[in-house]
Amino acid sequence: MATPDPDKLMAKADKLTKLSFTRWTADWKNATSLYEQAAIGYRFRKDNEKAKEAFEKASKGQEMISSPWDAAKHMESAAALAKELGHWNEVSDFYRRASELYRECGRSQPASDALAKGASALEDVVPDEAVRLYMDACVILEEDGREQMAFDLYRAATSVYVKLERYADAATFLLRWGIAADKCHAVNSQCKAYLSAIIIYLYMHDFQQAQKCYNDCSQIGAFLSSDQSRCASKLFSAYEEGDVEEIKRVAQSSPITQLDHVIIRLARKLPTGDLKELNKEEAEEEVLDENDLT
């Protein structure tokens, strides 16, 4: 049996969706079936450009016949083909549209997953958009009270920020992860996120911000009594004493080796700046504080 010509299927489907003197309403049901057949035919031919277009139209058709789930599936197929073609703007647009369609079905997990797929596809080529997609994917799950399902997304976004050397953004995102972990009582993940943020600030050689972060996180009892808190405290002591060997030893300790690899790599490069200068700055600040009192 001969395989139907996808070009003819597309032409026939397009005709069914156009109004004329003899057709007053579009026949989206039959047109959608033809678009789907054409998409499969083009994909079999490895004509990805035309297959992408056919899946787009099939998605539109499923929307028109009130089937957002199938519309989302077809939009994801179009997005995957856009990725193969290197059409990066379409990758983002299509996965975002698929996510919206899943949300119309009341399905937060596949809606978030669609954005995560887009983010993963764009990490190396459009990293800023990848981060935005990861953040939006997190929000979808958080709004549905499923914070724990977002942990891999937080991890992925943090990794992208570190690759971009946007360390302050990475630390901020880790603190947000800690808040999400707190909401779902994931204490271990919460404490790891806070220690990771502190390590990033130390890697930036921003000792003051690292201490502020530690003090803020220590307002939470679960962190204050944790191994991660004790590890951070040891790091601060070593920094204050200017003990490079102790910093390196603590960076090899269990609480840090249990963190994500991207954070472990940063920790093993500590200290990144001159500890003598750090202590000199602290001494100058103490003199200023004394002058304020007088």
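This section reports on the structure supplied with the text. (Residues numbered from 1 in each chain as written. Predicted model: local features only at pLDDT ≥ 70, side-chain atom pairs only at ≥ 80, totals over all residues. Heavy atoms only, no water.)

### Focus: the overall build of the protein
(1) Moving on: The helix and strand tally for the protein stands at 17 helices and zero strands.
(2) Moving on: A compact globule built from 294 residues should have a C-alpha radius of gyration of about 19 Å, whereas the protein, at 26 Å, is more than 25% larger.
(3) Moving on: Across its three principal axes, the protein shows a C-alpha extent of roughly 95 × 40 × 35 Å.
(4) Moving on: Counting over 294 residues, the protein shows a buried share of 45%.
(5) Moving on: Summing over all exposed atoms, the protein offers an accessible surface of approximately 15,500 Å²; the carbon and sulfur share of this is 49%.
(6) Moving on: Seen as two clouds, the 38 positive and the 50 negative side-chain charges of the protein have centres 11 Å apart. (Helix = DSSP H or I, 4+ residues; strand = E, 2+ residues; numbered from the N terminus. Rg over C-alpha atoms; globule rule 2.2 N^0.38 Å. Buried < 20%, exposed > 50% of the residue type's maximum accessible area, 1.4 Å probe, protein only. Areas by Shrake-Rupley, 256 points an atom, 1.4 Å probe, with all protein chains shown as cover. Lys, Arg positive; Asp, Glu negative; His and termini not counted. Charge placed at Lys NZ, Arg CZ, Asp CG, Glu CD.)

### What to know about the environment of aspartate 128
(1) Moving on: Along the polypeptide, aspartate 128 turns up in helix α7 (residues 127-143).
(2) Moving on: According to the relative accessible area criterion, aspartate 128 is partly exposed, its value standing at 38%.
(3) Moving on: Sequence separation of aspartate 128 and glutamate 277 is 149 residues, and the distance between their C-alpha atoms is 34 Å.
(4) Moving on: If we skip the residues at most four places from it in the chain, aspartate 128 touches Leu164 and Arg166. (Contact = heavy atoms within 4.5 Å.)

### Topic: helix α2 (residues 28-45)
An α-helical turn contains 3.6 residues, so any two residues separated by three or four positions project in the same direction.
(1) Moving on: For α2, which comprises 18 residues, the first-to-last C-alpha distance of 25 Å matches the rise-based estimate of 26 Å (1.5 Å per residue) to within 8%.
(2) Moving on: Every buried residue of α2 is accounted for by Trp28, Ala31, Thr32, Leu34, Tyr35, Ala38, Ala39, Gly41 and Tyr42.
(3) Moving on: At its buried positions, α2 is contacted by α1 (6-17) and α3 (48-64).
(4) Moving on: Count one or two residues on from α2 and you reach lysine 46, which has phi positive near 65°. (Expected span 1.5 Å × (residues − 1).)

### Things to note about the packing of aromatic side chains
For any pair of aromatic rings, the description consists of the separation of the ring centres together with the inter-plane angle of the planes.
(1) Moving on: All chains considered together, the criterion is met by 11 aromatic pairs.
(2) Moving on: On the basis of an interplanar angle of 85° and a centroid distance of 5.7 Å, the ring pair of tyrosine 194 and phenylalanine 223 is categorised as edge-to-face. With a gap of 29 residues between them, tyrosine 194 in helix α10 (residues 187-203) and phenylalanine 223 in helix α12 (residues 221-224) connect regions that are remote in the sequence.
(3) Moving on: The exposure class of tyrosine 194 is buried, given its relative accessible area of 5%.
(4) Moving on: Their ring planes at 80° and their centres at 5.6 Å tell us that phenylalanine 207 and phenylalanine 236 sit as a pair that is edge-to-face. Residue phenylalanine 207 is located in helix α11 (residues 207-217), and its partner phenylalanine 236 is located in helix α13 (residues 227-241); the two are separated by 29 residues in the primary sequence.
(5) Moving on: Exposure remark for phenylalanine 236: the relative accessible area of 5% places this residue in the buried category.
(6) Moving on: Site record: aromatic cluster; members linked through ring pairs are Tyr194, Phe207, Tyr214, Phe223, Phe236 and Tyr239. (Phe/Tyr/Trp six-rings, centres within 6.5 Å; stacked < 30°, edge-to-face > 60°.)

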